[in-house]
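Structure at a glance
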Amino acid sequence: MVLNPHKLGVHKLLKHIPLNAIFDAPSKARLRKAVNIADLRLCAKQRAHKMVFDYLDAGADDEISLRRAKDAYSELEMHFHILSGLKPPLDLSTKIFGQDVKLPFFGCPTAGNRMFHWEGETAAARAAKHHGTLYGLSSLATTGITEIGKLTDGPKVFQLYVWKDRELVKEVLSKAKEGGFHAMALTVDFTWYGNRERDIRNEFTIPPKYTFTQVVEAIKKPAWTYDFLSHDEYSYACINKDVPADSLAAFVNSQIAPEFDWKDAEWLLGEWNMPSAVKGVCRPDDAKRAVETGFTTMWVSNHGARQLETSPATIDVLPSIREAVGPDVEIILDGGVQRGTDICKALALGADAVGVGKPYLYGLAAGGTEGVIKAYDILKVELDRAMGLLGTGTVDDLKKRGPGLIKRRHSSARDYPDRYAYERGYGGGVI
């Protein structure tokens, strides 16, 4: 039998020994030098436990959709106007779910943020508040709805899975309303759990098992390990605090309802009666039906390429979904976004707002609140520059003129290599 340090109360002792700053000093130095999201990814990889980093970084099966999601943006050229009379900074403000925001992008709701850094969801909420943008909380978060509600009074969306237990659904929706959440997003592409082979190879569990391999990997990453050992063991705070983290997989498998259908969605919307998104749309016909069902927002997503392998790149299907629902239905897009230019292209091709997942989680894993704020800073500066050079001074201007500014070109292998291309099969070099 392997002893669990948290069960032994080791965290209660270590929290009084402030060694975090010492262990985190190299991570903070790397974070200060990061100039783009690819740099943040490398910072996260150097700080986080291998199992944790691979969980964040991976896609399903052979990760074809993961590669395509990023590469699709390289096939889109930006045909810019000149002498537009613009100067920085531009006005990046817009509305998401009817709420005023200062940025047209935000951090997607993602599960278990405290596995990446002890600050977890609070870091992402503080970064959203700092930048005046939307915050998204997952129903598999490791920080509670009430705590997030107290932390920020800004615009918030609560993400919900297709649970079997309707009383559980009613309970979390009631808490979300009480916590000041302005919108609900129903995730519909998670009815089966994706085949994430990096997790299988790493024997991924939450929290980690204390096997020889996991202990060795933990020793290699002292900053992450001391964070983990010196703070309370986390649970999934929005659904059932009595469910220990290591029972999450069994709980999800027992509670997810693969048979959830459009009639169930109608019932859910009746319980919520506020702005609502269907998250996981990639077909125009489904988007039309979602509008007819009563959803106010289409969220174009393939779950970060972590579910159905060879699902399409979301930027590729975005124009057809915009055409299907018309100009007045709100569309959010996520998937493959690594640059401010990617956000610019998505807004130009029909999105009203863009969600980012991996970019801000890389920042979180690299340095908590400071890292998430830096991720937003990077994307904000890149987006401002792209819009200015393109000749569009506001988000509304970009959306109105966008289709004539973005054109597809034939792809080339030269389009894709970047700082971690060797890990994706390009070049074969060593960085």
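Everything numeric in this text was worked out from a predicted model, so none of it was measured.

This paragraph deals with a nonpolar patch on the surface. Taken together, the side chains of Leu13, Ile17, Leu19, Ile22 and Phe23 define a hydrophobic patch exposed on the protein surface, amounting to about 430 Å² of accessible area. For isoleucine 17, the position within the fold is in the loop between helix H1 (10–14) and helix H2 (20–33).

Before going further, it helps to examine the layout of surface pockets. Here the largest pocket is characterised by a volume of approximately 990 Å³. Taken together, 50 residues form the lining of the largest pocket, with Tyr55, Tyr193, Arg196, His303 and Arg306 sitting closest to its centre. Of all the secondary structure elements, the ones that give two or more residues to the lining of the largest pocket are helix H4 (50–57), helix H5 (64–74), helix H9 (197–202), helix H12 (248–255), strand S11 (353–356) and helix H17 (358–390). Sorting elements by how many residues they give to the lining of the largest pocket places H12 first, with four residues.

Let us now look at the pattern of salt bridges. Note that side chains of opposite charge can pair when their charged atoms are close. Tallying each qualifying case throughout the model produces 24 salt bridges. As a salt-bridge pair, arginine 283 and aspartate 285 come within 2.9 Å of each other at their nearest N and O atoms. Classification of arginine 283 by relative accessible area gives partly exposed; the value is 46%. Two residues, arginine 401 and aspartate 397, come together in a salt bridge whose shortest N-O distance is 3.0 Å. One end of the pair, arginine 401, and the other, aspartate 397, are both in helix H18 (residues 395–401), four residues apart, so they sit about a helical turn from each other. A cluster of three or more residues bridged by salt bridges with shared partners is formed by Arg41, Lys50, Asp54, Asp57, Glu63 and Arg198.

Under the definition given, this model contains 11 aromatic pairs. Ring geometry for phenylalanine 53 versus tyrosine 362: centroids 6.4 Å apart, planes at 25°, classification stacked. Here the residue phenylalanine 53 occupies a position in helix H4, and tyrosine 362 occupies one in helix H17, the gap between them amounting to 309 residues. Residue class for phenylalanine 53 comes out buried when judged on its relative accessible area of 3%. A relative accessible area of 0% means that tyrosine 362 is categorised as buried.

According to UniProt, the feature "active site" (unreviewed entry) maps to His303 in the numbering used here. Mapped onto the elements of the fold, histidine 303 is located in the loop between strand S9 (297–300) and helix H15 (314–325). If we skip the residues at most four places from it in the chain, histidine 303 touches Tyr161, Thr187, Asp189, Phe190 and Arg196.

For lysine 374, the location among the structural elements is in helix H17. In this structure lysine 374 is buried but unpaired, with glutamate 370 as the nearest side chain of opposite charge at 7.0 Å. Not counting residues up to four positions away in its chain, the partners in contact with lysine 374 are Leu31, Arg32, Lys33, Ala34 and Leu40.

Formed by 109 residues in total, the largest nonpolar core has its most connected members in Phe116, Leu137, Phe158, Trp163, Met298 and Ile315. Among the elements that make up this core, the one with the highest residue count is H17 (16 residues). When near neighbours in sequence (up to four residues on either side) are disregarded, leucine 137 contacts Pro109, Glu121, Thr143, Ile145, Ile148, Val157, Phe158, Gln159, Phe181 and Cys238. Phe97, Cys108, Leu134 and Ile332 belong to the second-largest nonpolar core, a separate cluster that totals 13 residues.

Relative to the assigned elements, isoleucine 378 resides in helix H17. Distance in space between the C-alpha atoms of isoleucine 378 and glycine 107 is 13 Å, their sequence separation being 271 residues. Excluding residues that lie within four positions of it along the chain, isoleucine 378 makes contacts with Val35, Asn36, Ile37 and Leu40.

What counts and what doesn't
Residues numbered from 1 in each chain as written. Predicted model: local features only at pLDDT ≥ 70, side-chain atom pairs only at ≥ 80, totals over all residues. Heavy atoms only, no water. Patch = residues over 30% accessible without salt bridge, like charges linked within 9 Å, V, L, I, M, F, W, Y side chains within 5 Å. Areas by Shrake-Rupley, 256 points an atom, 1.4 Å probe, with all protein chains shown as cover. Salt bridge = Lys/Arg side-chain N within 4 Å of Asp/Glu carboxyl O. Helix = DSSP H or I, 4+ residues; strand = E, 2+ residues; numbered from the N terminus. 1 Å grid on protein atoms, 1.4 Å probe; cavity = no way out; pocket = protein on both sides within 12 Å on 5 of 7 lines; lining within 4 Å. Points joined across faces, edges and corners; volume = space filled by probe spheres on them. Buried < 20%, exposed > 50% of the residue type's maximum accessible area, 1.4 Å probe, protein only. Phe/Tyr/Trp six-rings, centres within 6.5 Å; stacked < 30°, edge-to-face > 60°. UniProt positions renumbered as here; feature names shortened; annotations may be inferred. Contact = heavy atoms within 4.5 Å. Lys, Arg positive; Asp, Glu negative; His and termini not counted. Core = buried A, V, L, I, M, F, W, Y, C linked by side-chain atoms within 4.5 Å.

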